[in-house]
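# Per-entry structural report
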Amino acid sequence: MAKKPDDQTLKTELINVVQDTFLQLCRVAASADPVVVEKDIIEYDGRMRISPMEKFNGPAYVAVANYYSSQKKSGSPDPLGTFVFYIREDMVEKLFKAFGRPVSEAEDEAKALDVVGQMCAILAGNLKNKLTGLGLADLLVSTPDKYKNSVPSGAPFDYSLFKKQEFSFSFWKEKCIVVEVCLGDIPVKGQ
């Protein structure tokens with residue numbers, strides 16, 4: 001048996017995951033309530049379109065992780081869910097500080113992509129743990145793919161889905177983080 005997490009539970013858990021993680025890692029609390037919007041998934045050639053620069057009207061980093069039911073299905077073009085983490089380019093330096101790295105490293109794009117990927121993995125993993133705590137199967141989270149400004153090939157997603165949830169977060173008194181999540185039917189724990 002499989003079930004899809006209801007939208008309100010998913011919203012609550014994701015908001016708590018992002019706010020708690022930033023409070024623990026970056027020692028910063030959200031400076032405003034997050035803005036949550038349900039959006040259509042724009043599909044092109046069987047993949048979800050992802051447009052980082054549209055989120056902030058400027059340069060941005062993005063990392064994408066997928067949820068799978070097993071190692072065997074990992075990497076397939078049909079995941080159970082997709083987790084997308086966006087951050088404004090000028091806010092990446094704050095992530096470097098949170099991870100205890102020298103600020104000068106923020107000038108190296110490859111290192112910036114690694115930090116953005118690490119944050120995506122942490123957030124996607126924390127959401128997975130919350131879902132497991134709600135009685136859903138323990139999902140496998142893929143290693144995030146990382147990009148700057150564009151994701152030319154898009155991202156795999158559960159093709160049966162038509163909507164995704166978009167969460168905009170303000171930290172350091174500015175909108176600087178956006179998270180998108182879409183989840184299909186997830187097996188119940190023990191099934």
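Before any of the text, the structure's been laid out above.
The structure reproduced in this document is the subject of the present report.

Conventions adopted
- Residues numbered from 1 in each chain as written.
- Predicted model: local features only at pLDDT ≥ 70, side-chain atom pairs only at ≥ 80, totals over all residues.
- Heavy atoms only, no water.
- Salt bridge = Lys/Arg side-chain N within 4 Å of Asp/Glu carboxyl O.
- Helix = DSSP H or I, 4+ residues; strand = E, 2+ residues; numbered from the N terminus.
- Buried < 20%, exposed > 50% of the residue type's maximum accessible area, 1.4 Å probe, protein only.
- Pairing = 2+ DSSP bridges.
- Disulfide = S-S within 2.5 Å.

To continue, consider the pattern of salt bridges. Throughout the structure, instances matching the rule amount to twelve salt bridges. In this structure, Lys55 and Glu166 form a salt bridge, with 2.6 Å as the shortest nitrogen-oxygen distance. Here Lys55, found in helix α2 (residues 52–56), pairs with Glu166, found in strand β9 (residues 163–171); they are 111 residues apart in sequence, far enough to count as distant. One connected set of salt bridges, linked through shared partners, spans Lys39, Lys55, Lys164, Glu166 and Glu180.

The next subject is the pairing of strand β10 (residues 174–183). For β10, the buried fraction is high: eight of the ten residues fall into the buried class. The pairing of strand β6 (residues 81–88) with β10 spans seven bridges and is antiparallel. The partner of Val84 across the bridge, within β10, is Glu180.

Turning next to the pairing of β6. Remark: a regular strand shows side chains that alternate across the two faces of the sheet. Of all eight residues in β6, eight are buried; the element is thus mostly enclosed. Judged by which residues are buried, β6 turns out to be covered on both faces: Gly81, Phe83, Phe85 and Ile87 on one side and Thr82, Val84, Tyr86 and Arg88 on the other are all buried. Inspection of the sheet shows strand β5 (residues 60–68) paired to β6 by eight bridges, in the antiparallel sense. What sits directly across from Ala63, in β6, is Phe85.

Each disulfide is one covalent bond, formed between the sulfur atoms of two cysteines. In this structure the tally under the stated criterion is zero disulfides. The closest cysteine sulfur to the non-disulfide-bonded Cys176 is located on Cys26, 9.2 Å from its own sulfur. No disulfide involves Cys182; its sulfur sits 13 Å from that of Cys120, the nearest cysteine.

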